[in-house]
Amino acid sequence: MISRAIAFVAAGVVADYAEAQTIVARSGEHSDFSRLVMRIPDGVEWSLTQSDRIATVNVGSPTALFNTQSVFDLIPRTRIQSVSQNGPGQPLRIDLGCECVVDYYQQADGYLVIDVREGRPLELAVPGDSSSLPLTFPVSGGGYSFNLGRQDLASARVAMDLEEAVEATFGSAQQQPSRTGPIELPLFIDPTTQFAAAGADPSNPSQPGNSEPKKPTEVKTEDGKSEPARLNADASLLMDFDENQRAAMVNDSETRLLQQIGRASEQGLLKPTEQLQDNMQLDPLGNENRPLNPLDNISVTSAIDRETGLLAVGPDGQKEAAHCIENREMAIHKWGGPEPFAVQIGALRSKLFGEFDAVNRDTALKLARTYLYFGFGAEARATLRMIPENDLNPRSRDIMNTLAGILDAASLPVNTVFIGQQTCDGDAAFWAAMSDGVVKKNANTDAIQQAFAKLPAHLRVQMGPRMSTFFAVAGDPHVAKAALRSVDRTGIDAVPDRNLAEAAIAQLEGNTDAVARNLTEEVAEQSENTPKALIELIELTYRERRALSPDVPELTASYELESRDTPLGAELRVAEVIALALTGRFDAAFSRAHKMQSRDGPGARNKVNAPIMTLLTENANDVTFLKYALIFAEEAGATRAGQVGDVVARRLLDLGFAEQAEAILRKMSLEPENEDRRMMSAEAHLAMDQPQRALVQLMGLEGAQADRMRARALWRNKEYERASEYMLSAQELNEAARGFWHSEDLNAAEQFDTEAAPFRAVADLTTQIDTAVSEPQGLPPLAEARALLESSAGARSSIEELLRQVERAPPAD
């Protein structure tokens, strides 16, 4: 009973750790610092603090689990003594083995880089001031290093002068015990100065140490540790006007330069390197021992270097490749023989257990490798679990478990044992690409192809189509086709994933007919890849607006039922809704979309919003379109309106639903400005008899269509003359003549040609009527009466013609 309880508790602990978010910590050793690199998951907050000889990395994730098993494979336990974590979500504790300074930064891709350097912060204190100078110096000689921050070396030199001035004013360190002692710097002594080793009396030339200037030496402290001897700056330097003048002239430029270098150093873009001779130290007050080429001590590391282990390239052009796994640790092609599967596996399984059912460690390891040789990942992982943790190197276990996951095409974590190794020269490049699920731009394609060629025939068949697909997606059809040709040379007919690989190549070449053909064949084979092929086929049909078989929605629903509780099930539900819309079954499509929102959340509903509303707008009849479009105009939020608002609003305007169209356009106010959208908004406002708002929407727009819209808006405001001017700009001469006639500017209307502007005849008739109805002047009464009768008859006929002309000229809107 007790053993069952223990087993149950152990199983629970293992399950908890299995659900944890694993963060793999890697390491690298450099001449002056030790480096830790780990990738923080996206969206997870973190912080790093240092207290004495302990650095702590806090990660804001309750499931974060640091994998530190391989940290000390590449670095000694000198600067970093131990790295530990109590459990998932707990801080990562880094125990330091020296008086070290921990520098850190995070790149844009999430990689956290931690550098542990030997040194201690130099603190400068004067009476009444508690400020400190953030410079870091090595504990013992052998070159120099610096940690550039908010201060610079010029400030250090001025601080040294202030130290001596304070000492001269307030007395020596023995007289002022509360004041910080002389600054301790491993600086090269300038023979022209009066620096002396600690304890020497400058007033007694005969005392040892005063006969001649000496270099600083190490002294023993009370606790037995070694540290540089103290160097006392000569206060007479304050009176060296030439030196102070020279320092003042370069101080500003030096400060700006050091601030910029410091900022780059904090971002991880610059790294100091040791290129000085042995025991050479830099005198900041002189010009001796300075490197001839200042760029010799600078090497560059960028965000791209994450693919090469975040290791900078030094001036000698040599690059460290210690992060690449050796070929012998993943030589799958050597882990099996030509004998049949049953023979090899059977022989090993018979030797797996020894006396008292004890597992034979060597046999279990060989059996796991044999399973990997034949492509059985799950069986290999199960066999590895038989080997106790302390009987197998953790790194080797991680490598084989990752290989098993790759062979089974299982979902792998972001940080695997092959992370950042696609640039390696060995087999690690191939397995890194397979574990990442993508071929990166700087991948070593030659090494990947060579590693693939080493695989036995059955593994080339198993991995070849997947590799071909990855290269096709990466835009390299040459390697993609070469991988398939290598599979063809095996002579095996049944090749899984082949149709998907050929579809990816056809997609890269732009041959959509071949893509559809290969996906259809894969669906017809009803293999384990059918659901994925079905999803891609539906997406292709939507993009190309192709015809879809009526039975595809039901087939998609059947596969969704099998995978309903998996991520693949969620993708199939989205594909089913799109398939229903493609076949014109909009009622069923919207019903499934509503159920999908209840199950998978608003994000899934937003994912199908654009396809379903676009297809509804393009293909549905008016009644079906209005049934869902009017609801969409009222209930859709800014996100959904931003996806398809333009096409839906356009059709609503064409059907005369200006108010609903304007409601959709108003929800898209946060979208990038679009001239067509403003034109539709102006059209909607005109339809709602809001000419002023239409003119506001048209402000700044140019073109004939915009001028026509402005003319319509001004016409509504009875500004006929301005409307005619915009019509004239849009080359609408007849409408311009009509506007001038309404504004009673007959002279402007008569300037147009009758053929181009038929409405000019109306202006001419108006002028004739005005002339006909004018009263005769200077005639006798009877003659005047006769003239009036004649003019009235002419006016009546002109008015009749005018009415006929007006009927033939329809309104502008």
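Residues numbered from 1 in each chain as written. Predicted model: local features only at pLDDT ≥ 70, side-chain atom pairs only at ≥ 80, totals over all residues. Heavy atoms only, no water.

Focus: the packing of aromatic side chains
Centre distance and the angle of the planes are the two values used to describe a pair of aromatic rings.
Now for step 1: Counted under the stated rule, the structure contains 9 aromatic pairs.
Now for step 2: Relative to Trp431, the ring of Phe430 has its centre 4.9 Å away and its plane inclined at 75°; by these criteria the two rings are edge-to-face. Considered together, Phe430 and Trp431 belong to a single accessibility category, that of buried residues.
Now for step 3: Summarising the aromatic geometry, the rings of Phe590 and Tyr628 are spaced 4.1 Å apart at their centres and angled 5° between planes, so their arrangement reads as stacked. You can see Phe590 sitting in helix α17 (residues 586–600) and its partner Tyr628 sitting in helix α19 (residues 622–635), a full 38 residues away along the chain. For the pair shown, Phe590 and Tyr628 are each scored as buried.
Now for step 4: In this structure an aromatic cluster arises from ring pairing among Phe341, Tyr371, Tyr373, Phe374 and Phe376.
Now for step 5: The ring of Phe72 has Arg77 lying over it, and the distance from NZ or CZ to the ring centre is 3.8 Å. (Phe/Tyr/Trp six-rings, centres within 6.5 Å; stacked < 30°, edge-to-face > 60°. Buried < 20%, exposed > 50% of the residue type's maximum accessible area, 1.4 Å probe, protein only. Helix = DSSP H or I, 4+ residues; strand = E, 2+ residues; numbered from the N terminus. Lys NZ or Arg CZ within 6 Å of the ring centre and 35° of its normal.)

Points about the nonpolar core
Now for step 1: Counting residues in each nonpolar core, the largest one holds 60 residues, and the members touching the most others are Leu403, Phe418, Phe430, Trp431, Met463 and Met467.
Now for step 2: Filtering out sequence-adjacent residues up to four positions away, Phe418 remains in contact with Arg26, Ile325, Met330, Ile399, Thr402, Leu403, Ile406, Ala428, Trp431, Ala432 and Ser435.
Now for step 3: Core analysis: the second largest hydrophobic core is formed by 59 residues, Ile535, Val552, Val574 and Ala684 among them. (Core = buried A, V, L, I, M, F, W, Y, C linked by side-chain atoms within 4.5 Å. Contact = heavy atoms within 4.5 Å.)

Overview of the pattern of salt bridges
Now for step 1: A full pass over the atoms with the stated rule returns 33 salt bridges.
Now for step 2: Taking the shortest distance from any N to any O, the salt bridge between Asp115 and Arg35 comes out at 2.8 Å. Highlighted residues: Asp115 in strand β9 (residues 111–118) and Arg35 in strand β2 (residues 33–39), separated in sequence by 80 residues. Judged on exposure class, the residue Asp115 and its partner Arg35 are both buried.
Now for step 3: We note a salt bridge from Arg573 to Asp600, for which the minimum N-O separation is 2.8 Å. Within this pair, whereas Arg573 is found in helix α16 (residues 567–582), its partner Asp600 is found in helix α17, the two being separated by 27 residues in sequence.
Now for step 4: For Arg573, a relative accessible area of 7% corresponds to the buried category.
Now for step 5: With relative accessibility at 28%, the residue Asp600 sits in the partly exposed group.
Now for step 6: One salt-bridge network, in which partners are shared between bridges, spans Asp32, Arg35, Asp103, Asp115 and Arg117. (Salt bridge = Lys/Arg side-chain N within 4 Å of Asp/Glu carboxyl O.)

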